[in-house]
Amino acid sequence: LAVSLMNWLASLLVAPHPLPKMDFSEGIPPAWRALVVVPTMLTSAAGIDSLIEALEVRFLANRDPSLHFALLTDFLDAGQESLPGDAALMQLAAEKIDALNLKYGQKIGSTVASIFFLFHRPRRWNAQERVWMGYERKRGKLADLNSLLMSGMRDGFSLIVGDTAALAGTRYVITLDTDTQLP
């Protein structure tokens, strides 16, 4: 009875205040530019088609000039640094990202502003696991991306598709799993 009485009195004496929130009803301000990234692995042509389609759907549901989309990729673990199909998978992913930029990018003179990006990392030798793999998997991908965004260091990636100048001033990185939608 005492607890109920105190709770009731507290609710009378202290008025609730709404929590502050961000209002993006008129779009994302350029100062709050964001990059939506999907850390994933390039495994097959069908898998790349699926990743590109999901990236396009996320863009179509969230069109905003201050919002960009990227695949943050590496290959499956392997017994050697590169496998015969690796180059073809990277080329296919690069072509698909370029196609999205041509389809949806804003033309500025003779160039097209990049909305979509591909950041691909090479395999590195992991002595503890005794295998060639992407360094620190997901965390390593995000660390390399943050280094690129903050200081322009591109050495963590073997392939970058898209004009990274469009990412200047990116303030937020929104990380999604491959099966996560962004309504």
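Above this note sits the structure.
Residues numbered from 1 in each chain as written. Predicted model: local features only at pLDDT ≥ 70, side-chain atom pairs only at ≥ 80, totals over all residues. Heavy atoms only, no water.

### Digging into helix H4 (residues 137-151)
No. 1: For H4, with 15 residues, the first-to-last C-alpha span of 21 Å sits near the 21 Å given by 1.5 Å per residue.
No. 2: All of the buried residues along H4 are Gly140, Lys141, Asp144, Leu145 and Leu148. Across the axial projection of H4, the buried residues extend over an arc of 135°, all falling on one side. For H4, the exposed residues set more than 90 degrees away from the buried face come down to Arg139, Met150 and Ser151. (Helix = DSSP H or I, 4+ residues; strand = E, 2+ residues; numbered from the N terminus. Expected span 1.5 Å × (residues − 1). Buried < 20%, exposed > 50% of the residue type's maximum accessible area, 1.4 Å probe, protein only. Arc of directions from axis to C-beta.)

### Comments concerning the pattern of salt bridges
No. 1: Under the counting rule described, the total for this entry stands at 9 salt bridges.
No. 2: Put simply, lysine 96 and aspartate 49 hold a salt bridge, and the shortest N to O gap is 3.0 Å. Of this pair, lysine 96 sits in helix H3 (residues 86-104) while aspartate 49 is found in helix H2 (residues 45-61), placing the two residues 47 residues apart along the sequence.
No. 3: Across the salt bridge formed by arginine 139 and glutamate 136, the nearest N and O atoms sit 3.2 Å from each other.
No. 4: Classification of arginine 139 as exposed rests on a relative accessible area of 63%.
No. 5: Take glutamate 136: its relative accessible area is 37%, and that puts it in the partly exposed class. (Salt bridge = Lys/Arg side-chain N within 4 Å of Asp/Glu carboxyl O.)

### Thoughts on the nonpolar core
No. 1: Ranked by internal contacts, the top residues of the largest apolar core, which has 27 residues, are Ile48, Leu55, Phe69, Leu71, Ile97, Phe116 and Leu118.
No. 2: Those elements that place two or more of their residues in this core are strand E1 (34-42), H2, strand E2 (67-75), H3 and strand E5 (116-120).
No. 3: Examining the composition of this core, we find that 7 residues originate from one element, H3, more than from any other.
No. 4: Non-local contacts of leucine 71, meaning those with residues more than four positions away in its chain, are made with Val38, Thr40, Leu51, Ile52, Leu55, Ile97, Phe117, Leu118 and Phe119.
No. 5: Among the nonpolar cores identified, the runner-up in size contains 11 residues, and Leu35, Val37, Leu148 and Phe157 belong to it. (Core = buried A, V, L, I, M, F, W, Y, C linked by side-chain atoms within 4.5 Å. Contact = heavy atoms within 4.5 Å.)

### Topic: the sheet that holds E1
No. 1: Across the sheet, 5 strands lie side by side as E8-E5-E2-E1-E9; this open sheet has mixed pairing. The open sheet has two edge strands, strand E8 (159-161) and strand E9 (172-175), and neither has a second partner. Here the strands of the sheet are splayed against their neighbours by 20° on average, with no regard to which way each runs.
No. 2: In terms of strand pairing, E1 meets E9 through 4 bridges, oriented parallel. Opposite valine 36, over in E9, you have isoleucine 174 as the bridge partner.
No. 3: Against the sheet, H2 makes contact with E1, E2 and E5, and its axis sits at roughly 165° relative to E2, the strand it touches most.
No. 4: Where H4 meets the sheet, its contacts fall on E1, E2, E5, E8 and E9, and the angle it forms with E1 comes to roughly 140°. (Pairing = 2+ DSSP bridges. Axes fitted to C-alpha atoms, helices over the stretch in contact; angles between N-to-C directions.)

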